[in-house]
Amino acid sequence: MKATIEASGLAKNFGRVRALDGLELSVAEGEVHGFLGPNGAGKSTTLRILLGLIKATSGGVTVFGLDPWADAVRAHRDIAYVPGDVNLWPSLTGGEAIDLLTSLRGGADPALRARLIRDFDFDPRKKGRSYSKGNRQKVALIAAFARPARLYVLDEPTSGLDPVMEAAFRGEIDRVKAQGATVLLSSHILSEVEELCDRVTIIRAGKTVETGTLTELRHLTRTSFRVTTLTDAAAMTAIAGVHDVRREADHLVFDADTDALRPVLQELAAIGVAGLTVSPPSLEELFLRHYGDERAREVAN
Amino acid sequence: MVRLLRAQARRDRWQLASWILGIGVLAIGSAAAVVQEFGDTTQRAALLMLASGNPALLAVRGTPDGLSTGSVIFFEIFTFLAVLAALMSTFLTVRHSRGDEEQGRTELVGGTPVSRSTALGATLGLGALANLAVAIVVTAGFAATGLPLGGSVLTGLATGGTGLAFCGIAAVAAQVCRTSRAANSLAGALVGLAFVLRAFGDATGTVSEGGLRVTSAWPSWLSPVGWGQQVHAFGHESAAPLLLQLALFVVAGAVALASVRRRDLGAGLVGDRSGRATAGPALTGTLGLAWRLQFSAVIGWAAGGALLGLFAGGLADAAVKAVQEDQALAATVRGLLSGSTSSLLDTFVAAIMAFLGVLAAGAALQAVLRVRIEEAEGRAELLLSGAVSKARLLVDCLAVAVVSIIVVLLAGGVVAGLAFVGAGHPDRFGSSVVAAFVQLPAALVFVSVAALVFALLPRLTIGLGWGLLAVGFVLGQFGGVFKLPEWLRNLSPFSHTPIVPGDSVDLAPLAAMVVLSIVLAAASVLLARRRDLVA
């Protein structure tokens, strides 16, 4: 597969602060790629470099095979972008802002624009200063989706939207994906990424810590068990790959590595169980594992 | 309320301190200059007689009231002090009332157990304190020059009182308008109106005491600035007009407080109409956007320019007539203008047009600074994600800046010309327009310097842009009054604009300024392309 975005060894310094420190990112053509990381990890900085708004201090980056800094205007004809914090012109109406932004890429598809305004339940006649955060985000989203693009770069696009609008947003992602477009979606809303993305890159402190499909990443996570039983905890502790075993009243609570699931299930069958809750590994846990050690260090300090 | 007041004062400490200090420096500087320049009575008499025979001078400065050094200083500078205090108060009040409401800070405060009107009450209190500080600074500045204390105090109170009155006016404006921008425009326009009413009343006043005193006509009494002037410090002193200023503050403040108690958060008397659902054909691309954002501001600047034009063309005739009728006065004027080969009329027009040049530079600066505002407020990020280069964004704003200059100069020049035609001088139409357009190169210099700052030191663009214009304005227009050394005055582009209309006009400095501007603008476009977007 051709790579739409290819970044390697990407570094960016802001004065003495090192915002990116050898970041790797590869987004294949036609995929929806999740870009995850906690606040301050360097997600927005990376996206801004991809758009040529800021220049990488070192490292190589291409978008459609072009240098996004030198060939920004050429690359942008095929890119739709939604920034994380949308600010509008106070004196322009929402409709005017949408038309202005799409005109910079060649103009909106009128039918598409009308449908998006309806789907996102948006009033385009109000002045920019009177829109809430969610409505400002809708302006950027409608402007992004109202003209087909080859690449959609979305920086936490749903942070101000309510659940109904999130559903409309997912519908648009599915639509552009079906049309063969590539999507790079930064987020820390894990459910959004789990539902939408083919592959995920997780970054922390300006470095890529994990990349792969969700299935691949799930191998790295643990499954949580909550068992209603009176049996002693010792049997579980003996199994390799079982962690944090503790008793909470009638319940035995522990986490198991994916490799340990088979012996755990055999053991559970043997000891007699009155109730069982198994939580699937979520990206939350991925985050906790990747940032947990850091947090532990912070607590220690 | 005290705690809110303290918080507001803390937020403003640098801003207010610089306003107050600036007013103090202007007071002490001009007082010292008058003492030095018009040390003996004959010089002061000549100045006053020249002024009382020249409605334009009366309109700009105010009315003279006797020969004492103090009253001449008061005549020379009071209106400027008063307008500065009024502007300080306007911005202060709107910033903390409608500005806070717009930014959501009022909502935050409103959630705590304080009443809806407490914040505005604190703002009015802060305004009163700031104007008290202005009064003290002006009093101290005058007294330090060796002027009688009584008159100094009266001048200080009249300056602070004007500011106080505009605290009240701005508080009402902030209730009427839904945005701080609109409230600032409305209150700012009222400051302008107060100045113009006073200018009109003073220009049409009655001359007495052999040209040493002018009594204002009634329009001056409609203006808070006019009231301040009517204290006649160091002359026929009267503290009564201060009560008018205080009363206006109390009444307007009460109206604003009553309104804030009754209305919804975020509501105003003048609401936002709902606008277009789609962009018009003019709003495609960044050039259309730059023009759209600047359009209403240009109209405002051009209206100011037209007013100056009216001033130049309409009052010049009266000024010249007054001089011609009085042989003695004519002789005095000739004496004062020795060295200048231009006629009195030409000098007068050129002086007004110099102010027009400052307006044009202001309009253009606003247009070019817009590119930085777009960047700082994150909208440039949206624009640049389209097929638009950073260079293009700057070039579009520069283009709108140049158009702004032309519109303002055209408005001032053509209106001045038409006013001359109306006054029976059809021959002066052309020269008036030319006199307006020689101001273009100096304005271009400010635009290109601001663009260069934007390219190199983006975070300083706004402050440095307006700061340089203010410095250029003071050095260029008041450098002579303050007796500043020539090299310092020559730093201001305005100092290099030749006197037009005049007999010998040197075009070389104009050409040099145009070339310099083009070079600086080109450099800034090249540099802007190479730098990161900076929030």
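It should be emphasised that the depicted structure is a prediction, and the values quoted were computed from it without experimental measurement. (Residues numbered from 1 in each chain as written. Chains lettered and ligands numbered in written order. Predicted model: local features only at pLDDT ≥ 70, side-chain atom pairs only at ≥ 80, totals over all residues. Heavy atoms only, no water.)

1. Quick notes on the interface of chain A and chain B
Of the residues lining the interface, 36 residues belong to chain A; the matching set on chain B comes to 36 residues. Carbon and sulfur atoms make up 59% of the area that chain A and chain B hide from each other, which totals about 3000 Å². On the chain A side of the contact with chain B, L53(A), W89(A) and L104(A) bury the most area, a combined 21% of that side's loss. At the surface where chain A touches chain B, the tally comes to three salt bridges. Taken together, the connections running from chain A to chain B amount to 19 residue pairs in polar contact (both at pLDDT 80 or more). Elements with a minimum of two residues in the side of chain A that touches chain B: α2 (72-76), β5 (79-82) and α3 (94-103) of chain A. Of the residues assigned to the side of chain A that touches chain B, the class counts are 18 nonpolar, seven polar and eleven charged. (Contact = heavy atoms within 4.5 Å. Buried area = accessible area lost by both parts, 1.4 Å probe. Salt bridge = Lys/Arg side-chain N within 4 Å of Asp/Glu carboxyl O. Polar contact = N/O pair within 3.5 Å; in protein donor to acceptor, adjacent residues only side chain to side chain. Helix = DSSP H or I, 4+ residues; strand = E, 2+ residues; numbered from the N terminus. Nonpolar A, V, L, I, M, F, W, Y, C, P; charged D, E, K, R; others polar.)

2. Thoughts on a nonpolar patch on the surface
Taken together, the side chains of L456(B), L457(B), L460(B), L464(B), L468(B) and L527(B) present a nonpolar region at the surface, about 480 Å² in accessible area. Mapping L456(B) onto the fold places it in helix α18 (residues 440-456). (Patch = residues over 30% accessible without salt bridge, like charges linked within 9 Å, V, L, I, M, F, W, Y side chains within 5 Å. Areas by Shrake-Rupley, 256 points an atom, 1.4 Å probe, with all protein chains shown as cover.)

3. Describing the environment of S238(B)
Residues and elements named next belong to chain B. Within the secondary structure layout, S238 lies in the loop between α10 (224-229) and α11 (240-262). By relative accessible area, S238 is classed as partly exposed at 28%. Between the alpha carbons of S238 and R116 there is a distance of 39 Å; along the sequence they are 122 residues apart. Non-local contacts of S238, meaning those with residues more than four positions away in its chain, are made with L154, Q230 and V231. (Buried < 20%, exposed > 50% of the residue type's maximum accessible area, 1.4 Å probe, protein only.)

4. Looking at the environment of V403(B)
Residue and element names in this part refer to chain B. With respect to the element layout, V403 can be found in helix α16 (residues 390-422). A relative accessible area of 37% means that V403 is categorised as partly exposed. Once the C-alpha coordinates of V403 and A364 are considered, the two residues, 39 residues apart in sequence, prove to be 7.9 Å apart.

5. A word on the packing of helix α4 (residues 110-119) of chain A against helix α6 (residues 163-178) of chain A
All names here are of chain A. Relative orientation of the contacting elements α4 and α6 amounts to 150°, with a least axis distance of 10 Å. Between α4 and α6, the angle falls in the class roughly antiparallel. Listed contacts from α6 to L112, R115, L116 and D119 of α4 are M165, A168, E172 and R175. Tallied by class, the residues present in the contact of α4 with α6 amount to four nonpolar, no polar and four charged. (Axes fitted to C-alpha atoms, helices over the stretch in contact; angles between N-to-C directions. Parallel < 35°, antiparallel > 145°, perpendicular 65-115°, else oblique.)

6. Regarding unusual backbone geometry
Despite not being glycine, F64(A) has its phi angle at roughly 55°, a positive value. The backbone of D244(A) shows a phi angle near 50°, a positive value even though the residue is not glycine.

7. What to know about the side chain of E381(B)
Here E381(B) lies in helix α15 (residues 379-384). If sequence neighbours within four positions are ignored, E381(B) has contacts with R48(A), L53(A), Y81(A), P83(A) and L533(B).

8. Some words on the domain arrangement of chain A
Domains assigned within chain A are domain 1 (3-217) and domain 2 (222-280). Measuring from the centre of the C-alpha atoms in domain 1 of chain A to the corresponding centre in domain 2 of chain A gives 42 Å. (Domains from an automatic or database assignment.)

9. Comments concerning the side chain of T229(A)
All names here are of chain A. Examined against the element boundaries, T229 turns out to sit in the loop between β10 (222-228) and α9 (234-237). We classify T229 as buried; its relative accessible area is 5%. Here G272 takes part through its backbone oxygen, which lies 3.4 Å from a polar atom of the side chain of T229. Once residues lying within four places of it in the same chain are set aside, the contact partners of T229 are R247, D250, L252, I271 and G272.

10. Focus: the pattern of salt bridges
Scanning all chains against the criterion turns up 31 salt bridges over all chains. Three or more residues joined by partner-sharing salt bridges are found here, namely R115(A), D119(A), E172(A) and R175(A).

11. What about the confidence of the model for chain B?
Residue and element names in this part refer to chain B. On average, residues of chain B score 87 in pLDDT, and 94% of them are at 70 or above. When mean pLDDT is taken per element in chain B, α18 scores highest with 96 and helix α13 (residues 327-336) scores lowest with 54. Scored below 50 in pLDDT, residues 336-341 makes five contacts in the model with residues more than four places away or belonging to other chains. Per the prediction output, this complex has pTM 0.74; the corresponding ipTM is 0.82. (pLDDT = per-residue confidence, 0-100.)

12. Remarks on helix α1 (residues 43-50) of chain A
Residues three or four positions apart in an α-helix share a direction because the helix packs 3.6 residues into each turn. Residue and element names in this part refer to chain A. For α1, the buried fraction is high: six of the eight residues fall into the buried class. Every buried residue of α1 is listed here: K43, T45, T46, L47, I49 and L50. Two residues or fewer after α1 comes G52, characterised by a positive phi angle close to 70°.

13. A closer look at the sheet that holds strand β8 (residues 199-204) of chain A
Residues and elements named next belong to chain A. The strand order across the open sheet formed by six strands is β5-β6-β7-β3-β8-β9, and the pairing between neighbours is mixed. Across the chains shown, the open sheet's two edge strands, defined by having one partner strand only, are β5 and β9 (207-213). If you compare each strand with its neighbour and ignore which way they point, the axes differ by 15° on average. With four bridges joining them, β5 and strand β6 (residues 151-155) adopt parallel strand pairing. Looking at the pairing, V82 lines up with L154 of β6. (Pairing = 2+ DSSP bridges.)

14. Thoughts on the packing of helix α14 (residues 344-376) of chain B against α16(B)
Residues and elements named next belong to chain B. α16 packs onto α14 with a crossing angle of 155° between their chain directions and a minimal axis gap of 8 Å. Relative to α16, the element α14 is oriented roughly antiparallel. The handedness of the crossing between α14 and α16 is right-handed. A class-by-class count of the residues in the contact of α14 with α16 yields 22 nonpolar, three polar and one charged. (Left-handed = near helix turned anticlockwise from the far one by under 90°.)

15. What about the sheet that holds strand β11 (residues 242-248) of chain A?
Residue and element names in this part refer to chain A. Spatially, the four strands line up as an open sheet ordered β11-β12-β10-β13, and their pairing is antiparallel. Looking at the sheet topology across the chains shown, the edges are occupied by β11 and β13 (275-279). For this sheet, the mean angle separating the axes of adjacent strands, direction not counted, is 15°. Two elements, β11 and strand β12 (residues 251-257), share five bridges in a ladder whose sense is antiparallel. Its bridge partner being in β12, R247 is matched across the sheet by L252. Relative to the sheet, helix α10 (residues 261-271) contacts β10, β11, β12 and β13, its axis offset from that of β10 by approximately 5°.

16. Section: the pairing of strand β1 (residues 3-14) of chain A
A regular strand places its side chains on the two faces of the sheet in alternate fashion. Residues and elements named next belong to chain A. As judged from the nine bridges shared by β1 and strand β2 (residues 17-28), these two strands associate in the antiparallel manner. Across the sheet, residue A11 finds its bridge partner in β2, namely D21. In textbook terms, the turn of a hairpin is the stretch between consecutive antiparallel strands, and for β1 and β2 this stretch comprises two residues, one of which, G15, has a positive phi near 60°. Bridge count for β1 against strand β4 (residues 58-63) is five bridges, and the pairing is antiparallel. Bridge pairing in β4 links S8 to G60.

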